[in-house]
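Commentary on secondary and tertiary structure
Letter by letter, the chains look like this.
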Amino acid sequence: MTPDTGLSCDVRPSPNHNERVGVLRPDILLLHYTGMGTAEEALERLTSPDAEVSSHYLVHEDGRIVQMVAEKRRAWHAGRGSWRGKGDINSRSIGIEIVNGGHVAGLPPFSDTQIEAVIALCRDCVTRHGIEPHRVLAHSDIAPDRKEDPGEHFPWDRLFFAGVGHMVRPSPIRGGRFLSIGDEGAPVEAYRQLLAAYGYGIEGGGRFDEATRLATIAFQRHFRPERVDGVADVSTVETLHRLLSALPRSPFET
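Now for a quick tour of the structure. (Residues numbered from 1 in each chain as written. Predicted model: local features only at pLDDT ≥ 70, side-chain atom pairs only at ≥ 80, totals over all residues. Heavy atoms only, no water.)

**A short note on the layout of surface pockets**
Keep this limit in mind: Residues are said to line a cavity or pocket when one of their atoms sits within 4 Å of a point; the points come from a 1 Å grid over protein atoms alone, cavities being sets where a 1.4 Å probe fits but cannot get out and pockets being open sets with protein on both sides within 12 Å along at least five of seven lines. Grid points are joined across faces, edges and corners, and a volume is the space filled by probe spheres set on the points. Gly falls in the polar group here, along with every residue not listed as nonpolar (Ala, Val, Leu, Ile, Met, Phe, Trp, Tyr, Cys, Pro) or charged (Asp, Glu, Lys, Arg). Each helix is a run of DSSP H or I of at least 4 residues and each strand a run of E of at least 2, with the numbering of both proceeding from the N terminus.
Roughly 460 Å³ of volume is contained in the largest pocket. Taken together, the residues that form the lining of the largest pocket break down as eight nonpolar, nine polar and six charged. Looking at the second largest pocket, its volume works out to about 310 Å³. For the second largest pocket, the lining is made up of 20 residues, of which Asp157, Met167, Val168, Pro170 and Pro225 are closest to its centre. Residue assignment for the lining of the second largest pocket shows that the elements contributing at least two residues are helix 4 (156–161) and helix 6 (210–223). Ranked by residues supplied to the lining of the second largest pocket, first place goes to helix 4 with four residues. Residue composition of the lining of the second largest pocket, grouped by class: 12 nonpolar, three polar and five charged.

Rendered as structure tokens:
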């Protein structure tokens, strides 16, 4: 396999891939942490036929990049999930695993060298495939009920200021009305509609249920990481409004 990226890159092929289904090219860039003890353990798992998981790339703590699956192929990294009403995220995405112990290891910091390599790889991928900034996502965004990665300590702001991803300045945390588990009514329904409008897999309804709480946690991890509690406080709702306002208009809108 020849690397797809022009960056310095090692190759360690994984057998765990198949054809993309129903898409001409990937339109999502999905970021993960490995959540394992060592980089080698993660690499062994991502390339083991018994594990039946893989990713297109892995970025080591020292910035080394490894490609395991060709970008034209469907790597098995996302699992069950959805974004903007579309499932089979594996078919429509490029997956990047970032070596980090994750929540089970107490969320160790990502190294500067590693993040610089992640930024370079992301910029390369989104440029070559025309992936829009608001479709550079966390694993937790597309599967809030199952996944936490890359976690609330991942420096999305550094990526954004380097030209990768979508972000606004989070609204300050302060008092005021908030919504939480068990609440019902029109304000909850409106909030759920906002989450769905951005892309989260929330169906209609006016009850702040467990799915709403988990989607709120995923949103906070990515866009308002100062407090990750699953409560739709004023800061969370305002930040979500700002993100929606900053989205590009569809060419089909009038």
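Continuing now.
**Topic: the side chain of Asn90**
Worth spelling out the cut-off: Each residue is placed in one exposure class: buried if its accessible area under a 1.4 Å probe, protein chains only, is under 20% of its type's maximum, exposed if it is over 50%, and partly exposed if it falls in between. Pairs of N or O atoms within 3.5 Å make up the polar contacts considered here, provided that, within protein, one atom can donate a hydrogen while the other can accept it, and that residues adjacent in sequence are counted only when both atoms are side-chain atoms. Contact between two residues is taken to exist if any of their heavy atoms lie within 4.5 Å; hydrogens are not considered.
Its location among the elements puts Asn90 in the loop between strand 6 (73–75) and strand 7 (93–98). What makes Asn90 buried here is its relative accessible area of 7%. Of the polar contacts made by the side chain of Asn90, one reaches the backbone nitrogen of Ala78; its length is 2.8 Å. Setting aside residues no more than four positions away along its own chain, Asn90 makes contact with Arg20, Arg74, Ala75, Trp76, His77, Ala78 and Gly79.

**Section: helix 1 (residues 39–46)**
The criterion, for reference: Directions are taken from the helix axis to each C-beta atom, and the arc is the one they span.
Those residues of helix 1 not exposed but buried are Ala39, Ala42, Leu43 and Leu46. All buried residues of helix 1 fall inside an arc of 95° around its axis, so they share one side. Tucked into the core, helix 1 has its buried residues touching strand 4 (57–59), strand 5 (65–67) and strand 7.

**Looking at the environment of Ser82**
Considering the arrangement of structural elements, one finds Ser82 in the loop between strand 6 and strand 7. The exposure class assigned to Ser82 is partly exposed, which follows from its relative accessible area of 21%. Residues Ser82 and Pro225, 143 residues apart in the sequence, show an inter-C-alpha distance of 22 Å. Discounting chain neighbours no more than four positions away, the residues touching Ser82 are Gly87, Ile89, Asp141, Ile142, Gly199 and Gly201.

**Looking at the sheet that holds strand 5**
Defined as follows: Two strands are said to pair when DSSP picks up at least two bridges between them.
What the six strands build is an open sheet, ordered 1-5-4-7-3-8; its pairing is mixed. Taken across any chain shown, the strands that pair with only one partner, and hence form the sheet edges, are strand 1 (10–11) and strand 8 (136–138). Pairing of strand 4 with strand 7, which is carried by three bridges, proceeds in the parallel orientation. Along strand 7, the bridge assignment pairs Val59 with Ile98.

**Brief notes about the state of the cysteines**
Heads up, the condition is: A pair of cysteine sulfur atoms is labelled a disulfide when the two atoms are within 2.5 Å.
Taken as a whole and assessed by the stated rule, the structure comprises zero disulfides. Not engaged in a disulfide, the cysteine Cys9 finds its nearest cysteine sulfur in Cys125; these two sulfurs lie 9.7 Å apart. The thiol sulfur of Cys125 is not disulfide-bonded, and the nearest other cysteine sulfur, from Cys122, lies at 6.7 Å. Judged by its relative accessible area of 0%, Cys125 falls in the buried class.

**Digging into helix 2 (residues 112–129)**
Put simply, the test is: Between the first and last residue of a helix there are one fewer steps than residues, each counted as 1.5 Å, and that sum is the expected span.
Given a rise of 1.5 Å per residue, 18 residues ought to cover 26 Å, and the 26 Å separating the end C-alpha atoms of helix 2 matches this to within 8%. Looking only at helix 2, the buried set comprises Gln114, Ile115, Ala117, Val118, Ile119, Leu121, Cys122, Asp124, Cys125, Val126 and His129. On its buried side, helix 2 packs onto strand 3 (28–33), strand 4, strand 5, strand 7, strand 8 and helix 4. One or two steps after helix 2, the chain reaches Gly130, where phi turns positive at roughly 65°.

So far we have only geometry, and geometry alone does not tell us how the molecule works.
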